[in-house]
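# Observations on the three-dimensional arrangement
The chain contents come next:
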Amino acid sequence: MRSFRGGVHPPYNKATQDRPIERVSPPERVVVPLSQHTGAPCEPSVEKGQEVERGQKLGEAKAFISAPVHTPISGVVKEIAPHPHPVLGEALAVVVEGGGEMEDWPRGDVDPDSLEPEEIRMRVREAGVVGLGGAAFPTAVKLSPPKSIDTVILNGCECEPYLTADHRTMLERAEDCILGLRLVMRAVGAERGMIGVEANKPDAMEALRRASDGEVEVVPLKVKYPQGAEKMLIKALLDREVPTGGLPMDVGVVVQNVGTAVAVTEAVRDGKPLIERVVTVAGEVGRPGNYLVPIGTPFSYLMEVAGGLKEGVSQVVMGGPMMGIAQRSLDVPVVKGTSGILFLREVPPAEEGNCIRCARCVDHCPMELMPTLFVKFAKGERWDLLESAHIMDCIECGSCAYVCPARIPIVHYIKLGKLKVRSLK
Ligand code: SF4
Ligand code: SF4
């Protein structure tokens, strides 16, 4: 079966994979940060005290690499102020109070072949669609590649443990995944569409094949972390290598997450902005599951929806356990990049030992790097040597730290090293 070199096999713990997506009643108060994406924050387009309708724009994207944000509820703008943020620590946000039930957004109709690429890009941009796999890169920018693209790949791997939001999306929204893929292909002028899915999701593959009518290739991939990383996916599906410092477009490819494809469909077909997303809530909660959550919903609210905490939780992570971000507060809101929220029991503190030069980190690195050198240079403050050791190629997947018998927090040293390399430029 197709795959890539290196990688690891963490326990998948995907206990929520059979839990259908459940819509969450919106809270009375949402906190919508003006920065939920890679690129420039957007600028407020409403004022304190203003009444807003569900789906109305709250922030306008003024830069090319940016995305507008919209309110998921109707109500009144209570304040525009800094607020805790799950990625940035703190960021300017628009607080809306109101509520009411979230009804299904009215469905439109579209023939992807009848739309001009520019029209697709414009609708995707206006809807504030960003990559929902975690990186939150503005999708309209990805749909405007300065290079020729022959293949669009949808990423349906979801190789992070615990997370099942993409799995459920493929099962329950297969037709919208396929339509989103066709819209992206039309926007970038690609002839070929592929969906890479880890082989442990045969039901999702079957649903996608049925929905695609044979137009796109649904390809099973080996179950291995980080199979869903863009470069690994391209290698596995097309046997193309993205060059050092390069992007998928350098090898004629655009990659989108399956959830993003659904958001593209909703933006283009229905005129629906990105105001809600599927979030896996897992770990030590009463009712783990996959929830369709209004953007701006506080983690604390979602925790109650999911049945409240069980005993012994000491760690809250946004995203998966391998690449997710530990949270200090439950006041932070769900943002566009929130694929999951994990409530985990205390992990015994890892006592860092000395490197025993076993080379396991090297053997398992999917990018064929030398993580042990990154640790050595970072500890010795030899920042000058890190760049030539290709530290900037590291995708921070954590496979090296996962296998290290000395329990060295290698990704911590890598992040520090990257910061230093950038600051010295
Ligand atoms: S060095 Fe980077 S890419 Fe390689 S295994 Fe470690 S975190 Fe992953
Ligand atoms: S896995 Fe850990 S102990 Fe082994 S070489 Fe890499 S850093 Fe050193």
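Residues numbered from 1 in each chain as written. Chains lettered and ligands numbered in written order. Predicted model: local features only at pLDDT ≥ 70, side-chain atom pairs only at ≥ 80, totals over all residues. Heavy atoms only, no water.

So, on to the nonpolar core. Membership of the largest hydrophobic core comes to 44 residues, with the highest contact counts inside it found for Ile120, Val124, Val152, Ile195, Leu208 and Val268. For this core, the elements supplying multiple residues, two or more each, are α1 (117-126), β9 (151-156), α4 (174-188), β10 (192-198), α5 (202-212) and α7 (258-270). In terms of residues, this core owes the most to one element, α4, which gives 10 residues. If we skip the residues at most four places from it in the chain, isoleucine 120 touches Leu115, Leu143, Leu183, Arg186, Ala187 and Val268. Ranked by size, the runner-up nonpolar core spans 25 residues in total, among them Ile391, Cys404, Ile410 and Ile414. (Core = buried A, V, L, I, M, F, W, Y, C linked by side-chain atoms within 4.5 Å. Buried < 20%, exposed > 50% of the residue type's maximum accessible area, 1.4 Å probe, protein only. Helix = DSSP H or I, 4+ residues; strand = E, 2+ residues; numbered from the N terminus. Contact = heavy atoms within 4.5 Å.)

Turning our attention to empty space enclosed by the protein. Empty pockets left among the atoms are what a rolling probe the size of a water molecule brings to light. The full count for this structure, using the stated rule, is two cavities of 30 Å³ or more. Around the largest cavity sit Cys365, Pro366, Met367, Leu369, Pro371, Phe374, Cys394, Ile395, Cys397, Ser399, Cys400 and Ile414, which together line it. Contributions of two or more residues to the lining of the largest cavity are made by α10 (371-379) and α12 (399-403). Along the lines of polarity and charge, the residues of the lining of the largest cavity split into 11 nonpolar, one polar and no charged. In this structure, the second largest cavity encloses a volume near 40 Å³. Taken together, Ser66, Ala67, Pro68, Val124, Arg125, Gly128, Val129, Pro138, Thr139 and Ala140 make up the full set of residues lining the second largest cavity. When contributions to the lining of the second largest cavity are tallied by element, the ones reaching two or more residues are α1 and α2 (139-142). (1 Å grid on protein atoms, 1.4 Å probe; cavity = no way out; pocket = protein on both sides within 12 Å on 5 of 7 lines; lining within 4 Å. Points joined across faces, edges and corners; volume = space filled by probe spheres on them. Nonpolar A, V, L, I, M, F, W, Y, C, P; charged D, E, K, R; others polar.)

Let's shift gears to the sheet that holds strand β16 (residues 325-327). Taken in spatial order, the six strands line up as β1-β14-β13-β17-β15-β16 in an open sheet, and their pairing is mixed. Each edge of the open sheet is held by one strand with a lone partner, namely β1 (21-23) and β16. Neighbour-to-neighbour, the strand axes of this sheet turn through a mean angle of 30°, independent of strand direction. Relative to strand β17 (residues 340-345), strand β13 (residues 276-283) is paired through four bridges, and the arrangement is parallel. Each residue of the ladder has a partner; that of valine 281, found in β17, is isoleucine 341. (Pairing = 2+ DSSP bridges. Axes fitted to C-alpha atoms, helices over the stretch in contact; angles between N-to-C directions.)

With that out of the way, let us pick up the packing of helix α3 (residues 165-172) against α5. Between two packed helices, what matters for the description is the angle formed by their axes and the separation of those axes. α5 packs onto α3 with a crossing angle of 35° between their chain directions and a minimal axis gap of 8 Å. Relative to α5, the crossing made by α3 is left-handed. Of α5, the residues touching α3 (which contributes His167, Met170 and Leu171) are Asp203, Ala204, Ala207 and Leu208. Looking at the contact of α3 with α5 residue by residue, the classes come out as five nonpolar, one polar and one charged. (Left-handed = near helix turned anticlockwise from the far one by under 90°.)

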